[in-house]
Amino acid sequence: RKEVEQDPGPFNVPEGATVAFNCTYSNSASQSFFWYRQDCRKEPKLLMSVYSSGNEDGRFTAQLNRASQYISLLIRDSKLSDSATYLCVVNKAPNDMRFGAGTRLTVKP
Amino acid sequence: DTEVTQTPKHLVMGMTNKKSLKCEQHMGHRAMYWYKQKAKKPPELMFVYSYEKLSINESVPSRFSPECPNSSLLNLHLHALQPEDSALYLCASRQGLTNTEAFFGQGTRLTVV
């Protein structure tokens, strides 16, 4: 079983749609969790950290479910500029950061 | 300054060449990473340095040799690479605490011919 599992998509949605991504992790001792965004031929950039209580940043909501060992990202009111690959990152041990496969999102007019 | 600087941005090398990739950060971060990313794949962890000591080596072939000369610099020495080693090599740094974000450099796009 992979350490971090993520549905690679692709997700093709119209502008204004709500889209959700999930990511599961295998190590129950994992300590911190993040969502990164990667545009084509660019480096990954932090979108949001994921906290136990859930957190929101504008149109983006991240949640963590430790019991089921998954994290999620919800994007509301999708914009064309949201088109990118979204990568979940799990810290399975101190300084050991692992990426999920990445989910490719295309938002269409 | 939240920058991680990688040089060179592009590199073409022959299978018998020796080259080095460089990564620099001045954020006082104590953990530094090398990742390898192939097209349409996620970054794969190669090496982690924590407080200038190698803490993780993901069974990377010895033709890749990391070096951390000081807390701001990370090198990746390359020797006798294969064409399948062609990829984007990403450097990242973070404070060293588990709950902090990592910052990535723009990467070095390596082609082995």
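Before going into details, it helps to say that this report is about the structure given with it. (Residues numbered from 1 in each chain as written. Chains lettered and ligands numbered in written order. Predicted model: local features only at pLDDT ≥ 70, side-chain atom pairs only at ≥ 80, totals over all residues. Heavy atoms only, no water.)

Brief notes about the overall build of chain B
For chain B, the helix and strand inventory stands at zero helices and eleven strands. Reading the secondary structure of chain B in the N-to-C direction produces β-β-β-β-β-β-β-β-β-β-β. Taking the principal axes of the C-alpha coordinates as reference, chain B spans close to 40 × 25 × 20 Å. Expressed as a percentage of its 113 residues, the buried residues of chain B come to 50%. (Helix = DSSP H or I, 4+ residues; strand = E, 2+ residues; numbered from the N terminus. Buried < 20%, exposed > 50% of the residue type's maximum accessible area, 1.4 Å probe, protein only.)

Describing the side chain of Gln37(B)
By the secondary structure assignment, Gln37(B) is in strand E4 (residues 31-37). At a separation of 2.8 Å, a polar atom in the side chain of Gln37(B) contacts the main-chain carbonyl oxygen of Lys41(B). Beyond its immediate stretch of four places on either side in the chain, Gln37(B) contacts Gln38(A), Pro42(B), Pro43(B), Ala87(B), Leu88(B) and Leu90(B). (Polar contact = N/O pair within 3.5 Å; in protein donor to acceptor, adjacent residues only side chain to side chain. Contact = heavy atoms within 4.5 Å.)

Some thoughts on the interface of chain A and chain B
Facing 19 residues of chain A, the contacting portion of chain B comprises 23 residues. Buried surface at the junction of chain A and chain B, both sides included, amounts to about 1,800 Å², of which 52% is carbon and sulfur. Contact with chain B buries area across many residues of chain A, yet Glu43(A), Asn95(A) and Met97(A) alone supply 34% of it, more than any other trio. Residues Arg98(A) and Glu58(B) are paired through a salt bridge, measuring 2.9 Å at the closest nitrogen-oxygen approach. Between the two partners, chain A and chain B, sit seven residue pairs in polar contact (both at pLDDT 80 or more). For the side of chain A that touches chain B, the secondary structure elements donating two or more residues are strand E4 (32-38), strand E9 (84-93) and strand E10 (96-99) of chain A. Classifying every residue of the side of chain A that touches chain B gives nine nonpolar, six polar and four charged. (Buried area = accessible area lost by both parts, 1.4 Å probe. Salt bridge = Lys/Arg side-chain N within 4 Å of Asp/Glu carboxyl O. Nonpolar A, V, L, I, M, F, W, Y, C, P; charged D, E, K, R; others polar.)

Observations regarding the packing of aromatic side chains
This structure, assessed with the given rule, holds eleven aromatic pairs over all chains. Plain terms: the ring middles of Tyr36(A) and Phe104(B) are 5.7 Å apart, the flat faces sit at 85° to each other, and that makes the pair edge-to-face. Highlighted residues: Tyr36(A) in strand E4 and Phe104(B) in strand E10 (residues 103-104), drawn from two different chains. Like Phe104(B), Tyr36(A) is buried. On the numbers, 5.8 Å between centres and 45° between planes, the contact of Tyr35(B) with Phe104(B) is tilted. Here the residue Tyr35(B) occupies a position in strand E4, and Phe104(B) occupies one in strand E10, the gap between them amounting to 69 residues. (Phe/Tyr/Trp six-rings, centres within 6.5 Å; stacked < 30°, edge-to-face > 60°.)

Some points on the sheet that holds strand E7 (residues 60-65) of chain A
Residues and elements named next belong to chain A. As summarised here, the arrangement of the five strands in space is E1-E3-E8-E7-E6, forming an open sheet in which the pairing is antiparallel. Only two strands of the sheet have a single partner each, and these edge strands are strand E1 (4-6) and strand E6 (55-57). Each strand axis lies, on average, 15° off the axis of its neighbour in the sheet, ignoring direction. (Pairing = 2+ DSSP bridges. Axes fitted to C-alpha atoms, helices over the stretch in contact; angles between N-to-C directions.)

Regarding the pairing of strand E2 (residues 10-13) of chain B
Residue and element names in this part refer to chain B. Of the two faces of E2, only one is covered, namely that formed by Leu11 and Met13; the face formed by His10 and Val12 stays uncovered. Here E2 pairs with strand E11 (residues 108-112) via four bridges, running parallel. The partner of His10 across the bridge, within E11, is Arg109.

A closer look at the side chain of Ser49(A)
For Ser49(A), the position within the fold is in strand E5 (residues 45-50). On the basis of relative accessibility, which here comes to 14%, the residue Ser49(A) falls in the buried class.

Digging into the environment of Pro109(A)
Residues and elements named next belong to chain A. With respect to the secondary-structure elements, Pro109 resides in the segment after strand E11 (103-108). With a relative accessible area of 83%, Pro109 lands in the exposed category. Taking the C-alpha atoms as reference points, Pro109 and Val13, separated by 96 residues in sequence, lie 8.8 Å from one another. Excluding residues that lie within four positions of it along the chain, Pro109 makes contacts with Glu15 and Leu80.

Remarks on the pattern of salt bridges
Considering all chains together, one arrives at eleven salt bridges over all chains under this definition. Note that Asp39(A) and Arg37(A) form a salt bridge whose closest N and O atoms lie 2.9 Å from each other. Where Glu52(B) meets Arg30(B), a salt bridge forms, and the shortest distance between an N and an O atom there is 2.8 Å. Within this pair, whereas Glu52(B) is found in the loop between strand E5 (44-50) and strand E6 (53-57), its partner Arg30(B) is found in the loop between strand E3 (18-25) and E4, the two being separated by 22 residues in sequence. We classify Arg30(B) as partly exposed; its relative accessible area is 28%. One network of salt bridges, in which partners are shared, links Glu3(A), Lys92(A), Asp96(A), Arg98(A) and Glu58(B).

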